Protein chains: 2
Amino acid sequence: MQREIQIYNTLSRTKERFEPLNPPFVGLYVCGPTVYGDAHLGHARPAITFDLVFRYLSHLGYKVRYVRNITDVGHLENDADEGEDKIARKARLEQLEPMEVVQYFTDRYHLNMAQLNVKSPSIEPRASGHIIEQIEMVREILKAGMGYEVNGSVYFDVEAYNRGHRYGKLSGRVLDDLLANTRALEGQDEKRNPFDFALWKKAQPEHIMRWPSPWSEGFPGWHLECSAMSNRYLGDLFDIHGGGMDLLFPHHEAEIAQSCTVHGKDPVKYWMHNNMITIEGQKMGKSLGNFITLNEFFNGAHVRLEKAFSPMTIRFFILQAHYRSTLDFSNEALMAAEKGLERLMAGRKVLEQLKPGSESTFDVAGLQAKCYAAMDDDFNSPIAIAHLFDAVRIINSIKDGKGSLTATDLHGLREWVESFVVDILGLKEEVGGSESSLMSDVVGLLIRLRAEAKARKDFQTADEIRDELGKVGIVLKDTRDGVEWQISGKDI
Amino acid sequence: MQREIQIYNTLSRTKERFEPLNPPFVGLYVCGPTVYGDAHLGHARPAITFDLVFRYLSHLGYKVRYVRNITDVGHLENDADEGEDKIARKARLEQLEPMEVVQYFTDRYHLNMAQLNVKSPSIEPRASGHIIEQIEMVREILKAGMGYEVNGSVYFDVEAYNRGHRYGKLSGRVLDDLLANTRALEGQDEKRNPFDFALWKKAQPEHIMRWPSPWSEGFPGWHLECSAMSNRYLGDLFDIHGGGMDLLFPHHEAEIAQSCTVHGKDPVKYWMHNNMITIEGQKMGKSLGNFITLNEFFNGAHVRLEKAFSPMTIRFFILQAHYRSTLDFSNEALMAAEKGLERLMAGRKVLEQLKPGSESTFDVAGLQAKCYAAMDDDFNSPIAIAHLFDAVRIINSIKDGKGSLTATDLHGLREWVESFVVDILGLKEEVGGSESSLMSDVVGLLIRLRAEAKARKDFQTADEIRDELGKVGIVLKDTRDGVEWQISGKDI
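Each chain has its residues counted from 1, running along the sequence as written. Here chains are named by letter from A upward and ligands by number from 1 upward, in the order in which they appear as written. Local features in a predicted model are, by the rule used here, given only for residues with pLDDT of at least 70; side-chain atom pairs are given and counted only at 80 or more, and totals for whole chains, interfaces and linings are based on all residues.

(A) Fine view of the overall build of chain A. Helix numbers and strand numbers start at the N terminus; a helix is a DSSP run of H or I with at least 4 residues, a strand a run of E with at least 2. For chain A, the helix and strand inventory stands at 16 helices and 15 strands. Here the C-beta atoms are placed from the backbone, and a residue counts as buried if at least 20 other C-beta atoms lie within 10 Å of its own, exposed if 12 or fewer do, and partly exposed otherwise. Residues classed as buried in chain A amount to 41% of the 492 residues present. Two residues qualify as a contact pair if the distance between their C-beta atoms, derived from the backbone, is within 7 Å. Taking all contacts inside chain A whose residues are at least 6 apart in sequence as the whole, residues at least 24 apart take part in 73%.

Rendered as structure tokens:
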């Protein structure tokens, strides 16, 4: 934690030195998925971006409480053709139940995240689990005179708020421009201004998810949940709020307005936004036919894909761009990422086999320092990865006899590469791996322990090791050349 | 769905013909885990029992909405030594956050369930996500005169309820006996009668999880959540309520009383209870040293275990007993289950290779009918499995040239065996196969040796084991529930 980290803060539009409010604790909130559909690249990018932040800060020793919500208060409606009467006559079990849809897509999202090796957040709160907190906030906003009720719905009064605060400070938008450029849309006539947003919506008859409130049976507005949940788990002021750039306005702007109104201060010290993803230069959209889910990437089942791409390839591809750059997906780019990942992982394996030399002909410590420096500079993973590729070149040179490292430097190289590849970048071997060689290592350790036990005349332990291994089918044989072992009935 | 299923209904103490209220829909509610600790066999048995019910009914064509809750409204308290003032001065992030504990154990529970091939329920609601519904129920119970408030807490008035209903109808207990056999305990003095139970508890200062209510800042009583959530997702009256026998009284009895009071009718048509588990004849308990978590079974890291047992071995072992029988775990019994499972899975593989003959010398259809009949008879999985072993004998006979099946019968046999093994019993080939389980055994042995070394204060050996395992990429983690291991960068 002695390292100085710079974070680009959307609020100040500059890189700022990261100084947590209560070190070693760090509060991190990231807007999670709306679970009414399968996850796609637009979900993978923020998940992997802030997984990297979570992993790097944890690696440095910070105690990070990472909160990533599930938006499950959806807008699922009963089939409009049926009419209210017909729906009322149906048994509960025959009716569409939003929570069943929520569960289905939440489970699939979790599976996708596990495939991408994205760590579980510390807390994954659901919007539906925090209705009481959201109602409390609406009450406070009304009390502060920053909201108004119309027909059982409550809206945030942006103009009133803007008199004492600057609505638009995060996104850089100016209220007068907003006013000039928007027009009242049909069905929005309850709002005083088109840029006002709902805090509480009265449920229409066809609306299934609803809760009692002082204003109506209804449901909270979408922006409210993140204010309520970040406050509950991280407090009035916390360190980092992350999310995709598409959420900057109005979602995050609204979060600031709500929290400032209720808690009297800006809720977040550092706002971080990952940039957007394009598919072969185009925006991703269902109508454009380039909307590819993660599952489709993993199994290749989309017409735009030339082949399947493994979760680790997708992860590596995303990490090979800085999170604030746009990222364009194409088959060619993914195939290049796949090759690069293979090269990196192969280098790691060669590294395991290298033997130390009498002198170091490469500056490992210098390279390692540059790799950390890249991460310190606003989590610049592509630069860090470039330095890892430099390491792979060194590894291959040593293998080819073109240089050497001392035992100390070799140990340092191994520690650094393992930390970055496994812990920080979160990359893992995708196929079964070298289980057999691991088994050799582990049984070898038992054989050594048995020899040590014998040497100190602890025959009980020595026999225990032999007997217990025998029970699970591993036979030890004392030979002239030492102890050999075998899985009974099987040569390995 | 043409099949006639018999279910033993705890309410009537007889097997009854299963007639769903709104076929083809079936509502199934099962009490899920309290997520403040690792899952053990007491969690595995109900999960697997009702997974079997869920799978079999779905296999027959029923549309089952399976709701299994997460009890996350726990009784975690701030460290009492600290005092309220000191806690109030701490930043939010420095304070213990129950939801972080909840998330940790929920994730681990989900991993265990996935390992056991237990399907996700249709909806997995959390108690904390349904506080509003629970407050509504308390209000209704008070309105009906079946509850009373004392100092901000609300209790269910069992005597008042018993005047118009029979409290004890499910468990067979009689109120007068209860009265005679219980005595007021200290700290329960708010209750009019010792058997009254809390609907709402006022939070003490050290109590962290709390919500506003008409009576106090507090939290709902445990029995209430299942009434509220089953009602929300399955309606006033639903088909099947399941759970372990330990929940029969008072939990399920209280559920009936609450629902009857609020909705004016018994909530459940069929009550199903799985029987208890013993460990080598003893009740499982932390003080008895026989409290073995599922993770410990899977990696063998418990002193009572002679080896690791794979998730499928545990699943098969549980399915080899009828859910209403007690089940005693022992190393011998688990090893027998492991062998049996291997035999069954090997038979399946041989079946794939069999070639049809000109005539059938075995009555496959008859055997299949008996297998289904066993399941129809209160989900009698051990009998069904016995018939599958008959099938394995037939398969091996045909392989040995001692009989044959026509193409039609062979096809029928394959369909039946696949349906039962994969879809209904939920058994699967374990990835990595015997190698992984062997690895678990071997690492488990090392973990035991390390514990023994520590016990004899041989810290050098203890550290050596940890360090050497670390070198080959196996990380030992001391957790609150014992030692766990992981291949670094790989979840197992």
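Once you've had a look at it, read on.
(B) Examining helix α13 (residues 381-399) of chain B more closely. All names here are of chain B. The first and last C-alpha atoms of α13 sit 27 Å apart over 19 residues, in line with the 27 Å expected at 1.5 Å per residue. If you check which residues of α13 are buried, you get Ser-381, Ala-384, Ile-385, His-387, Leu-388, Ala-391, Ile-394, Ile-395 and Ile-398. Around the axis of α13, the buried residues are gathered within 160 degrees of arc, so they sit on the same side. Backbone geometry just downstream of α13 places Gly-401 in the positive-phi region, at approximately 80 degrees. The span one expects for a helix is its residue count, reduced by one, times 1.5 Å. Note that the arc is defined by the directions from the helix axis to the C-beta atoms.

(C) Focus on the nonpolar core. Counting residues in each nonpolar core, the largest one holds 234 residues, and the members touching the most others are A:Leu28 and B:Leu28. In this structure, A:Leu28 is in contact with A:Phe50, A:Val53, A:Phe54, A:Val64, A:Tyr66, A:Val67, A:Asp239, A:Ile240 and A:Gly242, ignoring residues within four places of it in sequence. Here, a nonpolar core means buried Ala, Val, Leu, Ile, Met, Phe, Trp, Tyr and Cys residues linked by C-beta atoms lying within 7 Å of one another.

(D) Quick peek at the packing of helix α11 (residues 331-353) of chain B against helix α14 (residues 407-424) of chain B. Residues and elements named next belong to chain B. Between the N-to-C directions of two axes lies an angle of 0 to 180 degrees, each axis being a line fitted to C-alpha atoms and, for a helix, fitted only over the stretch in contact. Contact geometry for α11 and α14: axes closest at 11 Å, N-to-C directions at 145 degrees. Where α11 crosses over α14, the handedness of that crossing is left-handed. Two secondary-structure elements touch here, α11 through Leu-344, Arg-348 and Leu-351 and α14 through Leu-413, Arg-414, Val-417 and Val-421. Among the residues forming the contact of α11 with α14, the class breakdown is five nonpolar, no polar and two charged. In this scheme the handedness of a crossing depends on how the near helix is turned from the far one: anticlockwise by less than a right angle means left-handed, clockwise means right-handed. Each residue receives one of three labels: charged for Asp, Glu, Lys and Arg, nonpolar for Ala, Val, Leu, Ile, Met, Phe, Trp, Tyr, Cys and Pro, and polar for the others, Gly being one of them.

(E) Quick peek at helix α14 (residues 407-424) of chain A. Residues and elements named next belong to chain A. Over its 18 residues, α14 runs 24 Å from end to end, which matches the ideal 26 Å to within 8%, given 1.5 Å per residue. Listed in full, the buried residues belonging to α14 are Asp-409, Leu-410, Leu-413, Trp-416, Val-417, Phe-420, Val-421 and Ile-424. Of the surrounding secondary structure, the elements contacted by the buried residues of α14 are α1 (41-59), α11 (331-353), α12 (364-376) and α13 (381-399). One or two steps after α14, the chain reaches Gly-426, where phi turns positive at roughly 65 degrees.

(F) Just the pairing of strand β3 (residues 25-30) of chain A, in detail. Residues and elements named next belong to chain A. Most of β3 is tucked away: five of the six residues are buried. The pairing of β3 with strand β4 (residues 63-68) spans six bridges and is parallel. In the sheet register, Gly-27 faces β4, and the bridge partner there is Arg-65. Seen with its strands pointing away from the viewer, a crossover is right-handed if its path from the first strand over the helix to the second goes clockwise. With α1 bridging β3 and the parallel β4, this β-α-β connection has right-handed handedness. Here, any two strands with at least 2 DSSP bridges between them count as paired. Bridge count between β3 and strand β9 (residues 238-244): three bridges; the pairing is parallel. By the bridge assignment, Val-30 is partnered in β9 with Gly-242.

(G) Summary view of the environment of B:Lys399. Residue and element names in this part refer to chain B. Within the element layout of this structure, Lys-399 appears in helix α13. We classify Lys-399 as partly exposed; it has 15 C-beta atoms within 10 Å. The spatial distance from the C-alpha of Lys-399 to the C-alpha of Gln-6 is 37 Å, given a sequence separation of 393 residues.

(H) The arrangement of the pairing of strand β2 (residues 14-17) of chain A in detail. All names here are of chain A. Alignment of strand β1 (residues 6-9) against β2, held across four bridges, turns out to be antiparallel. Across the sheet, the residue bridging to Tyr-8 is Lys-15, located in β2. Turn length for the β1-β2 hairpin, with the two strands adjacent in sequence and antiparallel, is four residues, and the turn residue Arg-13 shows positive phi of about 55 degrees.

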